[in-house]
Amino acid sequence: MIRHATRLVCVVTPALLLAGCSGWQSALDAHGAPAMSLKQLIILIVAVCSVVWMLVMIALIIALSRNRRERPLPIAPQPSTQRRMTITIVAAVAATTVVISGFTVMSFFATRALGVTANDELTIKVRGLQWWWSVEYFGTSPEERFETANEIHIPVGRNVRLRLEGLDVIHSFWVPSLAGKQDLVPGRANELLIRAENPGTYRGQCAEFCGMQHAHMAFLVIAESEAEFDRWTSAQRQPAIQPSEEELAAGQHAFLAKPCAACHTVRGTTASGTTGPDLTHIGGRKYIAAGLFETTRGSLAAWIADPQTIKPGNNMPTVPLTPEELRAVSAYLASLK
Amino acid sequence: MKANITGPDTRDTDLERSQLRAELAETWKTPRGLWGALATVDHKIIGRRYILTAFVFLALGGILAALMRIQLAQPEERLIGPDRYNQIFTMHGANMMFLFAVPVMEAMAVYLVPLMVGTRNIAFPRLNAFSYWIYLAGGALLWLSFALDMAPDVGWFAYVPLSGPQYGAGKRADIWAQMITFTELSALAVAVELVVTIFKQRAPGMTLDRIPVFVWAMLVTAFLVIMAMPAIMVASTSLILDRLVGTHFYNPAEGGDVLLWQHLFWFFGHPEVYIIFLPAAGMVSTMIEPFARRPAFGYLALVMALIATGILSFGLWVHHMFVAGLPRLGNSFFTASSMAIAIPAGIQIFCWLGTLWDGKPLFATPLLFIIGFIVTFVIGGLTGVMVASVPFDTQVHDTYFVVAHFHYVLIGGAVFPLLGAVHYWFPKITGRMMSETLGKWSFWLIFIGFNLTFFPMHILGLQGMPRRIYTYQPDMPWHGMNLFVSLSAIILVAGFLLFFLNAIRSARSGAAARDNPWDAPTLEWATASPPPSYNFARIPAVSSSHPLWNRSDILAVASGLRTDRRELVVTSLVTAEPQAREASPRNSIWPLWAAIATTVMLIWSIFSPWAVVWGSIPIAITLIGWFWPKGTPEDES
């Protein structure tokens, strides 16, 4: 309700905008050091430019409305007027030069500040694919490596270096509340430094047009305390839990027997496909299908039953399942916390 | 036949006024009927055709925009699916850039430049006819593919690998690439004609510092076209090669480079913006004189600003790639150069303000569009300064902020002056005035509708709404403003409808126009409205930059041209001293055949590389027909 009211304010009074709206994917709702300094820069430049625009408008209004003495038309320029106008215009051009030089220097230093690194940096690899995100954590040994999808957990107050890898087409990684965007370009190794100052869930979305489902390529960055983050990573490293109930076992059986396992990995089972997202702990992720639905048994069932209607053009085929199998598979996946 | 009566080698000095006009009309006429229409090389007929076609494409592109606004009015709208939406926004961008904005500016120049420099036809008039047919074919190709649901769906920028052989399915990206070939061919042809017309066909006495600013703007623009278009030609040709014959220019797995595409595309794509904006700036500088009723302040500064913008425009392209991961220091250089373009833009704005300040404004519709232009273009220019800053850009790149920015620059900066120019030159082109009442209504609707539609998009962008998304989810805080934007677009559409209504009604039944209804100072107003086929019965000779404002004497003329064949005066580059009498080609059907042969070859080459080999034979034949001496008086010179 409160959020709804805030949204209304955002819409109705754009002027209030620069004070900051609580969108959860907004450059003006900054919660990370890079985004905060960008927000300051944005506000400063917008403010200066607004003043410039208003000065030009005042000059325009006066030019159009001032009283004039009668002169024969067309007006023959007078040398004294020409001289005065030349001086004014030279001064205005000089002022323009000063303003844009200031902007250039500010931009240079702001960019430099964004690249500052720290020692306790965490490195995560993010791959962009049509139309989802693969996320890989490394840890200190090869056994600690694990993959997840569309959800990136980071510890609050620590620099996180994202190694961005484009695998098919160009995508762009953007969580406006935490940092500016960076493209994922096939054949190039790009990096982006993000950092969250406050715990919270921040939405991000692909910003470079990447084909049919560019609109549905969202992800979440979840910033949490160091302790919660450690709990989360150690849980993620575990293989998927073995089903304890009959229905879940039936679901696992169907998942492994049907084509699902050809594209998806569930660690701890024989499913080891790499075309689609790693599903080892899918039940614990907030959303499925790159931010399309909250993860529930129902949404999983709907997605599996007809992915092409829900997200036309995506790479998941409709796998023919009986109603019983569909129920069991979705229950099984929802149980993979 | 008439030529025989007066004998061979008749000069205009030999004839009485009425006899001279009759003789010239016979020599320069376009025959009535279909054949005449297809074979004409009259720059006014071709220019009019060009302008009309471009405005048809504007209307079609506007319909696409309206469809997108309906789709985005509310979250999860299901009116248009993702496949069709991607075609629509690609078509909207490609259509507006390649089929409307660039051609319409060149079209205005095709019509106006020969009149403004005081000559009888554009240089290379048959090439001019050819360029129109090629442009029409390119537009038809794009729109037919859309009707067949196989239009390009990769954005007007067609980034690889999405448009490459692996991810761009079907023939969609090939159609995009060949549409580029068509439009760049026609644009290059017109650019060459304009450069030669402006350099060599100016009226005697029209020295470099007496050229109207619009003509200067078109000269700079023509050079930009000549220098920028080859980059996109290289890009689109190598894309077709990648797709059709399996080269690997853009395939990183085989040593190709994905970013090579972006460099080539934007090396063309950024000057493209100025190819659209500079003519508009020239229109403003030229139109402001009769409405401020004073010569434009700072002629030299205005011309230098045009040239400086043209040169700088080739040093900015990387600001479209600030988040592609290029070296930071390189990016900073492009921040500086992109900011620097604000200086020549500022100079022009200040000169226009000075002109209005010292002038005595006449608030007719063209001036309203100039004022609307200044208000909105300054916003577009300032947001341009914002996105030139690398850190600022990392937050707004590829968001609705950029959509707002470039619509402020392209609609506010180019379409507003263009609409003003249509009102201004309409009496010259049609012989009838446009309605002032409807003109003012359409201005206010367009101005208010435009700002209400596009200003909120800045905010949407900062709130995180990316471009090119076919829908968004209800939990994003964007729906209220999107609905507002879509509703505002109705006002904008109403304004454009009123403009079209005004133009159509006035062309049929508007008040008859005098030769110089605005009391303007430039040469196109020295002839009848609409001008006769030969433009000027006697070639004007000028002695100032505002020839029609010199009351001291009536316009002097240069004489001695033959009247029994198409002839015009060639003058020297700097001082415009008469150098020679030059024959100007007659009407010919061959440019049409050559355009048809070229069209067949280009479309065929979407499907087979051998089209380039076999398709060039008919082109060669048509070119031979084109240049074959026909024994006409023009051939004998």
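Criteria and thresholds
Residues numbered from 1 in each chain as written. Chains lettered and ligands numbered in written order. Predicted model: local features only at pLDDT ≥ 70, side-chain atom pairs only at ≥ 80, totals over all residues. Helix = DSSP H or I, 4+ residues; strand = E, 2+ residues; numbered from the N terminus. Rg over C-alpha atoms; globule rule 2.2 N^0.38 Å. Buried ≥ 20, exposed ≤ 12 C-beta atoms within 10 Å, placed from the backbone. Contact = placed C-beta atoms within 7 Å. Core = buried A, V, L, I, M, F, W, Y, C linked by C-beta atoms within 7 Å. Pairing = 2+ DSSP bridges. Axes fitted to C-alpha atoms, helices over the stretch in contact; angles between N-to-C directions. Nonpolar A, V, L, I, M, F, W, Y, C, P; charged D, E, K, R; others polar. Parallel < 35°, antiparallel > 145°, perpendicular 65-115°, else oblique. Left-handed = near helix turned anticlockwise from the far one by under 90°. pLDDT = per-residue confidence, 0-100. Expected span 1.5 Å × (residues − 1).

**Section: the overall build of chain B**
Secondary structure assignment for chain B yields 21 helices and four strands. At 25 Å, chain B has a C-alpha radius of gyration in line with the 26 Å of a compact globule built from 637 residues. Viewed in the frame of its principal axes, chain B has a C-alpha envelope of about 80 × 60 × 50 Å. The 637 residues of chain B split such that 59% are buried.

**Brief notes about the overall build of chain A**
Looking only at helices and strands, one finds nine helices and 12 strands in chain A. A compact globule built from 337 residues would reach a C-alpha radius of gyration of about 20 Å, whereas chain A, at 27 Å, exceeds it by more than 25%. Across its three principal axes, chain A shows a C-alpha extent of roughly 95 × 45 × 45 Å. Considering only intrachain contacts with a sequence separation of at least 6, the fraction spanning at least 24 residues in chain A is 62%.

**A few points about the nonpolar core**
All names here are of chain B. Counting 298 residues, the largest nonpolar core has A101, V215 and I276 as its most contacted members. With 23 residues, the single largest contributor to this core is helix α5 (residues 82–116). Once you skip the residues sitting within four places of it in the chain, I276 turns out to touch A101, V102, M105, L410 and A414.

**Side note on the sheet that holds strand β10 (residues 218–224) of chain A**
Residue and element names in this part refer to chain A. Judged by pairing direction, the sheet is mixed, and its three strands sit side by side in the order β4-β10-β9 without closing on themselves. Taken across any chain shown, the strands that pair with only one partner, and hence form the sheet edges, are β4 (151–155) and β9 (200–205). Ignoring which end each strand starts from, the neighbouring axes of this sheet average 25° apart. Relative to β10, β9 runs antiparallel, the two being bridged by six bridges. Within β10, the position partnered with G204 by the bridge is F219. Across the sheet, helix α4 (residues 226–237) lies against β4 and β10, angled at about 135° from β4, the strand it touches most.

**Quick notes on the interface of chain A and chain B**
If you look at the interface, chain A gives 71 residues, while chain B gives 73 residues. Within the residue set of the side of chain A that touches chain B, elements represented by two or more residues are α1 (2–12), α2 (33–65), α3 (79–114) and β7 (182–184) of chain A. Considering every element that reaches the side of chain A that touches chain B, the biggest residue donor is α3(A), with 15 residues. Across the side of chain A that touches chain B, the residue classes break down as 44 nonpolar, 20 polar and seven charged.

**Considerations on the packing of α2(A) against helix α12 (residues 342–358) of chain B**
Running from N to C, α2(A) and α12(B) cross one another at 25°; their axes reach a closest spacing of 8 Å. Between α2(A) and α12(B), the crossing angle belongs to the class labelled roughly parallel. The way α2(A) lies across α12(B) gives a crossing that is left-handed. Taken together, the residues of α12(B) that come into contact with α2(A) (itself represented by A:V56, A:A59, A:L60, A:A63 and A:L64) are B:I349, B:L353, B:L356 and B:W357. Across the contact of α2(A) with α12(B), the residue classes tally to nine nonpolar, no polar and no charged.

**As for the packing of helix α13 (residues 365–388) of chain B against helix α15 (residues 400–430) of chain B**
Residues and elements named next belong to chain B. Relative to each other, α13 and α15 sit at 160°, their axes nearing to 8 Å. In this view, α13 runs roughly antiparallel relative to α15, as classed from their interaxial angle. Like other packed secondary-structure pairs, α13 and α15 cross with a definite hand, here left-handed. Partitioned by chemical class, the residues of the contact of α13 with α15 number 15 nonpolar, 11 polar and no charged.

**Some thoughts on the sheet that holds strand β3 (residues 146–149) of chain A**
Pairing between sheet strands relies on hydrogen bonds along the backbone, with the strands arranged either parallel or antiparallel. All names here are of chain A. Taken together, five strands build an open sheet; the order of strands is β3-β2-β1-β5-β8 and the sheet is mixed. Each having just a single partner strand, β3 and β8 (190–194) make up the two edges of the open sheet. On average, adjacent strands in this sheet sit at an angle of 25° to one another, irrespective of strand direction. As paired strands, strand β5 (residues 160–166) and β8 are joined by five bridges and run antiparallel to one another. Its bridge partner being in β8, L164 is matched across the sheet by N190.

**Notes on the confidence of the model for chain B**
Residues and elements named next belong to chain B. Of the residues in chain B, 98% reach a pLDDT of 70 or more, and the chain-wide mean stands at 94. Counted against residues more than four places away or in other chains, residues 1–6, with its pLDDT under 50, gives five contacts. The ipTM for the predicted assembly is 0.92, set against a pTM of 0.94.

**A closer look at helix α6 (residues 125–147) of chain B**
All names here are of chain B. Between the first and last C-alpha of α6 there are 33 Å, a value that for 23 residues agrees with the 33 Å anticipated at 1.5 Å per step. In terms of residue burial, α6 counts as a mostly covered element, since 17 of its 23 residues are buried. Following α6 by one or two positions, D149 adopts a phi angle in the positive range, close to 60°.

**Focus: the environment of B:V258**
Here B:V258 lies in helix α9 (residues 258–292). Judged by the 23 C-beta atoms lying within 10 Å of it, B:V258 is buried. Separated by 97 residues in sequence, B:V258 and B:P161 place their C-alpha atoms 6.8 Å apart. If we ignore the near neighbours within four places in the chain, the residues touching B:V258 are A:I170, A:V185, A:P186, A:G187, B:V160, B:P161, B:Y250 and B:P252.

**Focus: the environment of B:P366**
Residue and element names in this part refer to chain B. With respect to the helices, strands and loops of the structure, P366 is situated in helix α13. Residues P366 and K440, spaced 74 residues apart in sequence, show a C-alpha to C-alpha distance of 9.2 Å. What P366 contacts, discounting residues up to four positions off in sequence, is M287, F291, G420, H423 and Y424.

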